[in-house]
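Inside the fold
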Amino acid sequence: MSIDSRLPDFRNLSPSQRLDQVQRLLGLSAEDTALLRDAGALPLEIADGMIENVIGTFELPYALASNFRINGREMLIPLVVEEPSVVAAASFMAKLTRPAGGFQTSSSAPLMRAQVQIIAVSDPCNARLSLLRNKDEIIALANSKDQLLNTLGGGCRDIEVHTFIDSPRGPMLVAHLIVDVRDAMGANTVNTMAEAVAPLMEQLTGGKVRLRILSNLADLRLARAQLRIAPEHLDTAEYQGAEVIEGVIDAYTFAAIDPYRAATHNKGIMNGIDPLVVATGNDWRAVEAGAHAYACRNGHYGSLTTWEKDSQGHLVGTLEMPMPLGLVGGATKTHPLAQLSLRILGVKSAQELGEIAVAVGLAQNLGALRALATEGIQRGHMALHARNIALSAGARGDELDWLVKRMVETRDVRADRAQALLREKRGQ
Ligand SMILES: CC(C)(COP(=O)([O-])OP(=O)([O-])OC[C@H]1O[C@@H](n2cnc3c(N)ncnc32)[C@H](O)[C@@H]1OP(=O)([O-])[O-])[C@@H](O)C(=O)NCCC(=O)NCCSC(=O)C[C@@](C)(O)CC(=O)[O-]
Ligand SMILES: NC(=O)C1=CN([C@@H]2O[C@H](COP(=O)(O)OP(=O)(O)OC[C@H]3O[C@@H](n4cnc5c(N)ncnc54)[C@H](OP(=O)(O)O)[C@@H]3O)[C@@H](O)[C@H]2O)C=CC1
């Protein structure tokens, strides 16, 4: 279905009015919207089946970022996150990309690596060749463990063998199974295969297998996004767009050369990605681990994004990173809201979901860099954070908007100030 993701007055509506508008726009069913309208979308019985020792459930805000156009398709992005200004910044930057057509994305095949650690190998180079010589047998054995995946066009495709001659524990071989996991995140799938081939690998190498587990450095499963913005669309009240572009490129360069800055820069990217990963029931620890390991691929920890100017002086941003997301498996199937998020996105494959995630990460990075390189992060962020402060100070009903306005006007957003203002208003 084709929609318009520009929702100019969305921010000014109540949550219930927003949901009504989205229901009409996306043609969601009454059952779908009931999941969001009533608290407790995750029944305790399902929660109890998901993890151990459950005593309840924990809710977080569920929002939609607007203005996204990805590969020509308009979409609203479900984001589950506790941090103010993330949704606003993503929506704002997506809006700025629209004149040049939004985001362009692509991805590699959904290939995951499983590692099999082989120790006590007396002749590691010879053992390595033995594994490679018998690759077809190893792959066939791995694939015998997941018939469904084979019928879906996935399965173990190849093996690699990495040799560590001088490990502190003696020579060590690490065999990698390269597995196309289709629409799964794939951890359980590849772990099963790794465990299945371990005895054959011991036989072929004469060594002893220890660990059999996926690698979260999913460097064969990459998603990419790109955006382009003309300088005139980056003008602010105080800065010319061309100056904003220089500021963004300086900010990127800082992250590219300094790991202390890169950690914060990449956190800003994950501000956009993690909330989508959570909203779709995916494993955010796996995505985080892969992201930061990948950021070290050039021998030092650096920026995951790049920012440059094209020949016309337009700002061009790119993000390429591992994106091990699934549409099946884990909580993606069990959590009712995860399924709803996938319906809102209208995605048909895990690859498509991964591409959307990097587009949101790229937008989020630009939101932060644009603010940092111009007026600073506090004005926009604190204006939205003021609601949190007002809520924790005890403001309710009409008091909330009044208190937020007073704090933002005076640029004094602090808990003690909020409490003092509230006492003053209540005449205490
Ligand atoms: C916060 C803004 C967007 C305000 O920016 P603004 O200029 O005050 O916004 P505006 O009121 O002119 O609105 C512009 C558009 O922003 C969106 N927007 C604006 N407000 C809302 C809202 N309330 N609810 C929903 N959407 C909102 C919305 O799309 C709107 O367009 P419209 O649809 O109205 O035509 C801007 O200051 C900004 O982008 N700041 C960056 C915020 C940010 O990056 N937050 C992340 C948390 S900080 C952090 O953890 C990461 C960091 C910073 O350390 C990373 C790093 O160092 O790299
Ligand atoms: N280090 C890490 O990151 C680790 C993560 N995990 C956890 O593993 C879970 C993800 O594992 P995952 O393997 O994705 O989950 P599942 O094993 O639950 O799902 C994958 C299985 O779903 C079946 N399937 C059905 N349709 C498809 C399709 N279109 N594409 C692919 N497979 C399909 C496949 O076969 P079949 O039905 O035959 O099984 C496949 O093996 C997450 O919960 C994650 O947190 C676990 C261990 C370590």
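The protein chain is annotated in an unreviewed UniProt entry as 3-hydroxy-3-methylglutaryl coenzyme A reductase of Phytopseudomonas dryadis. One UniProt comment on the protein chain, placed under Catalytic activity (unreviewed entry), says "(R)-mevalonate + 2 NAD(+) + CoA = (3S)-3-hydroxy-3-methylglutaryl-CoA + 2 NADH + 2 H(+)". The UniProt entry for the protein chain carries the following text under Sequence similarities (unreviewed entry): "Belongs to the HMG-CoA reductase family."

Here the focus is the site of ligand 2. In the vicinity of ligand 2, 21 residues are found, and the nearest of them are Asp-146, Asp-183, Gly-186, Thr-189 and Asp-283. Asn-216 is positioned such that a nitrogen or oxygen atom in its side chain is 3.0 Å from a nitrogen atom of ligand 2. For ligand 2, an oxygen atom lies 2.6 Å from a polar atom in the side chain of Asp-283. Across the complex, the protein chains shield 68% of the 940 Å² of accessible surface that ligand 2 would expose by itself. Residue assignment for the shell around ligand 2 shows that the elements contributing at least two residues are helix 7 (147–151) and helix 8 (187–205).

Within the structure, ligand 1 sits among 26 residues, and Ser-85, Lys-95, Arg-261, Lys-267 and Arg-379 are positioned closest to it. Glu-83 has a polar side-chain atom sitting 3.0 Å from an oxygen atom of ligand 1. Within the contact set of ligand 1, an oxygen atom lies 2.9 Å away from a side-chain nitrogen or oxygen of Arg-379. Coverage of ligand 1 by the protein chains reaches 80% of its 1,100 Å² of free accessible surface. Elements with a contribution of two residues or more to the shell around ligand 1: helix 4 (86–97), helix 10 (259–279), helix 14 (350–373) and helix 15 (378–392). For the shell around ligand 1, a count of residues per class yields 9 nonpolar, 10 polar and 7 charged.

This part is about the pairing of strand 6 (residues 172–180). Strand 6 sits mainly inside the fold: 9 of its 9 residues count as buried. Both strand 4 (residues 111–119) and strand 6 contribute to a ladder of 8 bridges, which runs antiparallel. Across the sheet, the residue bridging to Val-116 is Ala-175, located in strand 6. Alignment of strand 5 (residues 155–164) against strand 6, held across 9 bridges, turns out to be antiparallel. In the strand pairing of strand 6, Glu-160 is matched with His-176.

Let us now look at a positive patch on the surface. Judged by side-chain charge, Arg-169, Lys-208, Arg-210 and Arg-212 come together as a positively charged surface patch. Assignment of secondary structure puts Arg-210 in strand 7 (residues 208–214).

Attention shifts here to the nonpolar core. Core analysis: the largest hydrophobic core is formed by 56 residues, its most contacted members being Phe-68, Ile-77, Ile-273, Trp-307 and Met-321. It is helix 14 that provides the largest number of residues to this core, a total of 11 residues. In this structure Trp-307 touches Leu-227, Val-248, Ile-249, Tyr-252, Leu-315, Val-316, Gly-317, Leu-362, Asn-365, Leu-366 and Leu-369, once residues within four positions along its chain are discounted. Membership of the second largest hydrophobic core comes to 33 residues, among which are Leu-131, Ala-142, Ala-198 and Met-201.

Basis of the calculations
- Residues numbered from 1 in each chain as written.
- Chains lettered and ligands numbered in written order.
- Predicted model: local features only at pLDDT ≥ 70, side-chain atom pairs only at ≥ 80, totals over all residues.
- Heavy atoms only, no water.
- UniProt positions renumbered as here; feature names shortened; annotations may be inferred.
- Near = heavy atom within 4 Å.
- Polar contact = N/O pair within 3.5 Å; in protein donor to acceptor, adjacent residues only side chain to side chain.
- Areas by Shrake-Rupley, 256 points an atom, 1.4 Å probe, with all protein chains shown as cover.
- Helix = DSSP H or I, 4+ residues; strand = E, 2+ residues; numbered from the N terminus.
- Nonpolar A, V, L, I, M, F, W, Y, C, P; charged D, E, K, R; others polar.
- Buried < 20%, exposed > 50% of the residue type's maximum accessible area, 1.4 Å probe, protein only.
- Pairing = 2+ DSSP bridges.
- Patch = residues over 30% accessible without salt bridge, like charges linked within 9 Å, V, L, I, M, F, W, Y side chains within 5 Å.
- Salt bridge = Lys/Arg side-chain N within 4 Å of Asp/Glu carboxyl O.
- Lys, Arg positive; Asp, Glu negative; His and termini not counted.
- Charge placed at Lys NZ, Arg CZ, Asp CG, Glu CD.
- Core = buried A, V, L, I, M, F, W, Y, C linked by side-chain atoms within 4.5 Å.
- Contact = heavy atoms within 4.5 Å.

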